[in-house]
Amino acid sequence: MWWADLGMLRRWHGRLLDDTERRRLAAIGHPRHRRQSTLGAVLLRLVVAHHRGVPADRVRVVRECPACAGPHGRPRLPGHRLSVSVSHSGRRVVVAVAGRGEIGVDVERLGADHPSTELAQWCRRESVVKATGDGLRVRIRDVRISPPSDPPRLLGYPGRPGLRARLWDLRPGPGYLAAATLVTPAPLPARVRIAERTASHLLTGDGRWPVAGHRAVRSSGRRTRRADGRRTGDPAGGGRERSSRRRVVPAGGGGGRAGGRHVPLP
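Enquirer: Looking at this model, I keep getting lost on helix α1 (residues 19-26). Mind explaining?
Expert: Those residues of α1 that sit buried are Glu21, Arg24 and Leu25. Relative to the axis of α1, the buried residues are bounded by an arc of 95 degrees and lie together on one face. For α1, the exposed residues lying more than 90 degrees away from the buried face are Arg23 and Ala26. The backbone nitrogen of Thr20 has a side-chain oxygen 3.3 Å away, supplied by the residue at the start of α1, namely Asp18.

Enquirer: What's the story with the pattern of salt bridges in this structure? I'm lost.
Expert: Should their charged atoms come close, side chains of opposite charge can pair. The tally for this structure, following the rule as stated, stands at 11 salt bridges. Its salt-bridge partner being Glu21, residue Arg63 comes within 3.3 Å of it at the nearest N-O pair. One end of the pair, Arg63, is in the loop between α2 (31-52) and β2 (83-89); the other, Glu21, is in helix α1, and 42 residues separate them in sequence. The class for Arg63 is buried, based on a relative accessible area of 13%. Between Arg137 and Asp134 there is a salt bridge; the shortest N-O distance is 3.9 Å. Using a relative accessible area of 17% as the deciding quantity, one classes Asp134 as buried.

Enquirer: Explain the sheet that holds strand β7 (residues 165-169) to me, please; I cannot follow it from the model alone.
Expert: In a beta sheet, neighbouring strands pair by backbone hydrogen bonds and run either parallel or antiparallel. With antiparallel pairing, 3 strands are arranged side by side in an open sheet as β4-β8-β7. The strands lining the two open edges of the sheet, one partner per strand, are β4 (102-109) and β7. Taking the axes of each pair of neighbouring strands and ignoring which way they run, one obtains an average angle of 15 degrees across the sheet. As defined by bridge partners, β7 adjoins strand β8 (residues 176-183) across 5 bridges and the pair is classed as antiparallel.

Enquirer: Just to check I follow, could you spell out the environment of Pro151 for this structure?
Expert: Take Pro151: it is sitting in the loop between β5 (144-145) and β6 (154-156). On the accessibility criterion, Pro151 (58% relative accessible area) is exposed. Residues Pro151 and Asp169, spaced 18 residues apart in sequence, show a C-alpha to C-alpha distance of 8.1 Å. Excluding anything up to four places from it in sequence, Pro151 contacts Arg124 and Ser146.

Enquirer: What's the story with the pairing of strand β3 (residues 92-98) in this structure? I'm lost.
Expert: Two faces belong to every sheet, and in a regular strand the side chains alternate between them. Within β3, 7 of the 7 residues are buried, which leaves the element mostly enclosed by the surrounding structure. Burial of the side chains of β3 extends over both faces: Arg92, Val94, Ala96 and Ala98 are buried on one face and Val93, Val95 and Val97 on the other. Summarising the sheet, strand β1 (residues 2-5) and β3 pair through 4 bridges and their orientation is antiparallel. Note on β3: the bridge partner recorded for Asp5 is Arg92. For β2 and β3, the ladder comprises 7 bridges, and the chain directions are antiparallel. Bridge pairing in β3 places Ser89 opposite Arg92.

Enquirer: Explain the packing of α1 against α2 to me, please; I cannot follow it from the model alone.
Expert: Between α1 and α2, the shortest axis-to-axis distance is 9 Å and the interhelical angle comes to 160 degrees. As summarised for this structure, α1 and α2 are arranged roughly antiparallel, according to the angle between their axes. When you trace α1 past α2, the crossing you get is right-handed. Between α1 and α2, the contacting residues are Glu21, Arg24, Leu25 and Ala26 on the first element and Arg34, Ser37, Thr38, Ala41 and Arg45 on the second. The residue makeup of the contact of α1 with α2, split by class, is 3 nonpolar, 2 polar and 4 charged.

Enquirer: Is there a simple way to think about the environment of Arg125 in this case?
Expert: For Arg125, the position within the fold is in helix α3 (residues 116-132). Expressed as a C-alpha distance, the spacing of Arg125 and Tyr157, which sit 32 residues apart in the sequence, is 9.9 Å. Setting aside anything within four residues of it in sequence, one finds Arg125 in contact with Ile140, Arg141, Val143 and Ile145.

Reading the values: rules and limits
- Residues numbered from 1 in each chain as written.
- Predicted model: local features only at pLDDT ≥ 70, side-chain atom pairs only at ≥ 80, totals over all residues.
- Heavy atoms only, no water.
- Buried < 20%, exposed > 50% of the residue type's maximum accessible area, 1.4 Å probe, protein only.
- Helix = DSSP H or I, 4+ residues; strand = E, 2+ residues; numbered from the N terminus.
- Arc of directions from axis to C-beta.
- Polar contact = N/O pair within 3.5 Å; in protein donor to acceptor, adjacent residues only side chain to side chain.
- Salt bridge = Lys/Arg side-chain N within 4 Å of Asp/Glu carboxyl O.
- Pairing = 2+ DSSP bridges.
- Axes fitted to C-alpha atoms, helices over the stretch in contact; angles between N-to-C directions.
- Contact = heavy atoms within 4.5 Å.
- Parallel < 35°, antiparallel > 145°, perpendicular 65-115°, else oblique.
- Left-handed = near helix turned anticlockwise from the far one by under 90°.
- Nonpolar A, V, L, I, M, F, W, Y, C, P; charged D, E, K, R; others polar.

And the structure:
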């Protein structure tokens, strides 16, 4: 999971998007919604570039709707064996990526209109229907989830009694709730966990990396040299950016000592 704030949006980010994506974003009337969607589209490309070592502006994203073939469906990555999901609310934007199964993520801002327990259940259900790809074709209330006081677990899904899914509550920061779901053809080991990271070092650079013409570097969590001589993980002005360290969240969203395995990328 890669987390971002609207304040991380930069002018140079628009260079990473193709014409289809620009047209889709230009059609969004509300300025804040357009900024949220723009940051999500940019972050998606930067995250794939980070994991795959390819230029971000050459990451092809297809959003074809299965119902009308319009450019507003679930994002797919032709040529990459990755499942991705994007969500945004308020100032928070998140991109989820997995190397196995189908991933779904949802983030919601807390408000006076909805109790936190009700909103938490909504996030869990929404992440499930995003992972299955069913979206509005399934009534979200028909997705049966464990009670808010229990660790998140899928109890039943309409029309798919054998659906295998692992759910996590995420940590989006104060004032927000979030959840993620991974749907897999085979059961996952009980101690599989996910990692939550800040995307600040991907988004707030000078725009020279990773785009076409500059070598992207696949990171393993350590700082490494990149094409312009600086190290990955360093901010554009030099120095060390501590916030880029990843935070590991055990299954179920709880804290404690790391003892499980990450959902791996191939």
